[in-house]
Amino acid sequence: MPKLRKPNPTNSTGATVGYEAQLWRMADALRGSMDAAEYKHVVLGLIFLKYISDAFEEHHARIEAERAQGADPEDRDEYRAASVFWVPREARWARLQAHARQPTIGQVVDEAMEAVERDNPSLKGILPKDYARQALDKQRLGQLIDLVANIRVGYADARAKDVLGRVYEYFLGQFASAEGKKGGEFYTPRCVVRLLVEMLEPFRGRVYDPCCGSSGMFVQSVEFIEAHATANGNGGRARTQISIYGQESNYTTWRLAKMNLAIRGIDGRIEQGDTFHNDRHPDLKADFILANPPFNVSDWGGERLREDKRWRFGVPPAGNANFAWVQHIVHHLAPAGVAGFVLANGSMSSNQSGEGEIRKNLIETDLVDCMVALPGQLFYSAQIPACLWFLARDRKDGKFRDRRGQVLFIDARKLGRMVDRTHRELTDEDIARIAATYHAWRGEKEAGAYKDLPGFCKSATLEEIRKHGHVLTPGRYVGAEAREDDGEPFEEKMARLVARLREHQAEAASLDAAIARNLKELGYE
C-alpha cells in the first residue's frame, strides 16, 4: 500500500494555524453585517480573480522579456499554450487596486469578472458579478481588495506550495462553520475526504460525485494521485489518469465547484441540476464514486419517482433520500466499480418505511464491502453521528482477494482530536490506521496480514450479519476493546473487589437508615 503523504505545516487534515487563519480573521472583520452565505462569494470571487491575475502577470513579464525575439505579451495564444487564463486589461488586478478607494469599485469588479468570462469560455457563467449592488459596502469592498492584494496566490512559488488551494479550502471550511447547516451541506471536512480517497485509491478511471458540492472529492483525488505518482508507476501524469464527472443541484455551490477546479487546473464535467430528477450523466458507469449526500433529506421529490429504474433494491421512502442516494450510486457503478460515501448513522440500522429491506437486499446481493463508524463532531452542518459505506460491484475480482460473503466493520468512534470546542478531526495517523486496515483486509499486496482487533475491527460473515437482522452498525460486531492484564492474581482481585462491594453496601445501608430517621422526624413513616 502506498504510504500517506507527510503532513504539511498546516496539518493536511484541515487544522490551520498559519496565515490562512490570520487572513480569515481580517477578511471576516470586513464582513460587517453581511450574511456569510453572501460574503462567501464576494471573498472567494476576489481571491479567484487575484489568482488568475497573478499567474497572468508572471507569464506576461516572461513574454515581455522576450519581446526582442518577436514575442507579443498581448497575444492570447501565448497564454493558452501555457495553460494560463487570459486576463484582459480591464480585469487585471492593478486596475482593481487603482479603483479600490473609489465609489465605483463595485462596477469595476463586475466589469472585470464579465471580461474574464468573455475571454475564457471555460469560466463562462461561474464567476460572481454582483459587486455593484447597493447592499455591498463599497468602502469595505475596497479594503478587502487591498487585503487580497497582499497575498501572492498565482505566482509559481505560491502555486508550488498550493497557497491558493490552502486559502480557498480554509475559507470554505470557515464559511461552512459560520453558516451552520445551510453552508455545511456542501462542505465535507478535509479529513473525511482524505479518508475516503485513501481507502478507495482512485488512481485511474472515471471518478463520479453525484452531489459534488464545492468539488472537494475531486481535488483530493487528484492530490492523491500526484502524491503517489512514483508509487503507482504512473510517471507523474496524474491528471491524465482520471476523468471527473459531477453534479450539484445548488447553482451558487455549482459555481464554487467550477472555480475550485479551475484554480487547480483540473478539467471535469461538472453539471448543474437535480441529480434525482435530472441526472446529467445518465449513461455513466464510474470506476470510483465518492460522495457526501446531504443527510436525511425529506423533500427530495421521491413521490414522483416511485417507478424509477434505479430502485433495484426497493423503493426508497419519500420522506428520506438516504437509500435513494445509495441506489443512485449503485446504478452508476461500473462492473468492477467501487464506492465510498458518507451517510447518517441511521442508515445502518433503520427499518422505517422499507429502509431495512433495501439494506438487506444490498447485503444479500453482496455489494457491501466495509462499514466505518466515524467519531462525532466532524461535520460543520450537523452534530448527528455519521458513517462511511463502501460498496464493491465485483468482490471476487482478481485485483484483490475474494471477499464474497464477508463485510469489514471498523469502529473509529474513539479516534480523532478536537481542533476547537465544537469540531473534531481525524489525524494523519488515524486516517493511515483505518485505510491500512481496509487495504490489508481486502488483500492488497504490501499491506500486511489482516487480523480482527477487538473494539476496532472485525471481519464478519454474511451469516453473522443475518443474525443481527442485517444491521450494519460496527459496534455490534467489533466487541469490546481488550484490556491489558494488570498482573493481579484472579483470587486476590476478586477478594479486593468483593471487600469494596461490601463497603459500598454498608455505606448504602447507613444512608438509607439516616434518610428513614429524617423522614420519621418530619412525620413521614
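Not measured: the values here are computed from a predicted model.

Novice: Just give me the short version of the environment of Pro-317, but keep the residues and values in it.
Specialist: Inspection of the secondary structure assignment puts Pro-317 in the loop between strand E4 (286-291) and helix H13 (322-331). Separated by 15 residues in the primary sequence, Pro-317 and Gly-302 place their C-alpha atoms 7.1 Å from one another.

Novice: How would you summarise the sheet that holds strand E5 (residues 333-344) if you had to cite specific residues and measurements?
Specialist: Across the sheet, which stays open at both edges, the nine strands sit in the order E3-E2-E1-E4-E5-E7-E6-E8-E11 with mixed pairing between neighbours. A strand with exactly one partner marks an edge of an open sheet, and here the two such strands are strand E3 (269-272) and strand E11 (457-461). Going across the sheet, the axis of each strand differs from the next one's by a mean of 15°, ignoring polarity. Bridge count for strand E6 (residues 368-373) against strand E7 (residues 386-392) is five bridges, and the pairing is antiparallel. Among the inter-strand pairings, Val-368 is bridged to a residue of E7, identified as Leu-391. Here helix H11 (residues 216-227) sits on the sheet in contact with strand E1 (205-209), strand E2 (242-248), E3 and E4, set at roughly 165° to E2. Here helix H12 (residues 251-262) sits on the sheet and contacts E2 and E3; the angle it forms with E3, its principal contact strand, is near 165°.

Novice: Can you lay out the packing of aromatic side chains for me, pointing to particular residues and giving the numbers?
Specialist: For the coordinates displayed, the defined rule picks out 14 aromatic pairs. When the centroid spacing of 4.4 Å and the interplanar angle of 50° are considered together, the rings of Phe-276 and Trp-325 count as tilted. Residue Phe-276 is found in the loop between E3 and E4, and its partner Trp-325 is found in helix H13; the two are separated by 49 residues along the sequence. You can call Phe-276 buried: its relative accessible area is 6%. When the ring of Phe-390 is compared with that of Tyr-438, the centres are 5.5 Å apart and the planes differ by 35°; the resulting orientation is tilted. With a gap of 48 residues between them, Phe-390 in strand E7 and Tyr-438 in helix H15 (residues 428-441) connect regions that are remote in the sequence. Looking at Phe-390, the relative accessible area reads 0%, which means it is buried. Residue classification places Tyr-438 among the buried positions, given a relative accessible area of 1%. Counting every residue linked through ring pairs, the aromatic cluster contains Phe-276, Trp-300, Trp-311 and Trp-325.

Parameters and conventions
Residues numbered from 1 in each chain as written. Predicted model: local features only at pLDDT ≥ 70, side-chain atom pairs only at ≥ 80, totals over all residues. Heavy atoms only, no water. Helix = DSSP H or I, 4+ residues; strand = E, 2+ residues; numbered from the N terminus. Pairing = 2+ DSSP bridges. Axes fitted to C-alpha atoms, helices over the stretch in contact; angles between N-to-C directions. Contact = heavy atoms within 4.5 Å. Phe/Tyr/Trp six-rings, centres within 6.5 Å; stacked < 30°, edge-to-face > 60°. Buried < 20%, exposed > 50% of the residue type's maximum accessible area, 1.4 Å probe, protein only.

No statement about biological role is implied by the geometric values presented.
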